[in-house]
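Read off the chains here:
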Amino acid sequence: MKKLSLILLSLFLLSGTAFSQSIGVFVGYGSSAFGDDFFGEDSEVEQAKYLPLGAQLLFGSGGAFEFGAEVNYALVPFTFETEGFGDTKINQLYYGALAKFKIGSGAGLVPYVRGGAGLYTGTVEIDFNEEWEAFGLEDTDLDLKSAFGFNVGAGAEMNLSNSGGLFAEFVYHIVEREFDAEDTEMEENEPFGANNWALHIGFRFAL
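**Student:** Can you lay out the overall build of the protein for me, pointing to particular residues and giving the numbers?
**Tutor:** When its secondary structure is counted, the protein shows four helices and 14 strands. Every one of the 207 residues in the protein was classed for burial, and the buried ones make up 35%. Excluding contacts between residues fewer than 6 apart, the proportion of contacts in the protein whose partners are at least 24 apart in sequence is 65%. Within the structure as shown, the protein displays about 12200 Å² of accessible surface, and the carbon and sulfur contribution to it stands at 62%.

The following block contains the structure:
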């Protein structure tokens, strides 16, 4: 028992000195890359832009590899404009795991590749135009089922000091979403491709 306690204490001390921690906050600009199964093959609705806001908590050993967690919220949601109908707004909240692999080290720009996986959640807001509201239709909210998805990307960071630096990255999200059947009063809803991409610019603080 005494030996086990010493081993655990040693591992704790080693982990406390070997691992670095940092938190990054970012804003960005992105777009949907939804599939035809969402719009319909003959639809003329264009892809929608959105503005993500998020944070990353990362752990590393001072080398090329880092891992941690990320949360990402569509501060400005995807807004699809349908002529003669109204607007459909899709809110997205993502939280999951993140891993980065740096290519090179030292001063200046350090490029990296990144990958992640986690849960995509959110809701849908439908805002009808005045013509449809005249027929008695009211703006409504629908639920989207949470779905597991992936994301991949690449970026670069620049250390400004020992306590922090800037980073910029491109991220592509791969996920399928599905409307909640209870909200749509349908027995079954087919999943649709809800891929999207974003450019992030942020600042990273050492902890």
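**Student:** Residues and numbers for the packing of aromatic side chains, please.
**Tutor:** Counting across every chain of the model gives 12 aromatic pairs. Note that K100 overlies the ring of F167, its terminal NZ or CZ placed 4.9 Å from the centroid.

**Student:** So, the sheet that holds strand 11 (residues 164–174): which residues are in play, and what are the values?
**Tutor:** Judged by pairing direction, the barrel is antiparallel, and its eight strands sit side by side in the order 1-2-3-6-7-10-11-14 before closing back on the first. Ignoring strand direction, the axes of neighbouring strands in this sheet form an average angle of 25°. When strand 1 (residues 20–32) meets strand 14 (residues 196–206), the two strands line up antiparallel, connected through 11 bridges. Its bridge partner lying in strand 14, V25 is registered against F203.

**Student:** Which residues make up the pattern of salt bridges, and what values do they have?
**Tutor:** What the rule picks out here adds up to eight salt bridges. Between E169 and R114 there is a salt bridge, with the nearest N and O atoms lying 3.0 Å from each other. Of this pair, E169 sits in strand 11 while R114 is found in strand 7 (residues 109–121), placing the two residues 55 residues apart along the sequence. With respect to burial, E169 and R114 carry one shared label: buried. Counted as one network, the salt bridges with shared partners bring together E66, K102, E157 and R204.

Conventions and cut-offs
Residues numbered from 1 in each chain as written. Predicted model: local features only at pLDDT ≥ 70, side-chain atom pairs only at ≥ 80, totals over all residues. Heavy atoms only, no water. Helix = DSSP H or I, 4+ residues; strand = E, 2+ residues; numbered from the N terminus. Buried < 20%, exposed > 50% of the residue type's maximum accessible area, 1.4 Å probe, protein only. Contact = heavy atoms within 4.5 Å. Areas by Shrake-Rupley, 256 points an atom, 1.4 Å probe, with all protein chains shown as cover. Phe/Tyr/Trp six-rings, centres within 6.5 Å; stacked < 30°, edge-to-face > 60°. Lys NZ or Arg CZ within 6 Å of the ring centre and 35° of its normal. Pairing = 2+ DSSP bridges. Axes fitted to C-alpha atoms, helices over the stretch in contact; angles between N-to-C directions. Salt bridge = Lys/Arg side-chain N within 4 Å of Asp/Glu carboxyl O.

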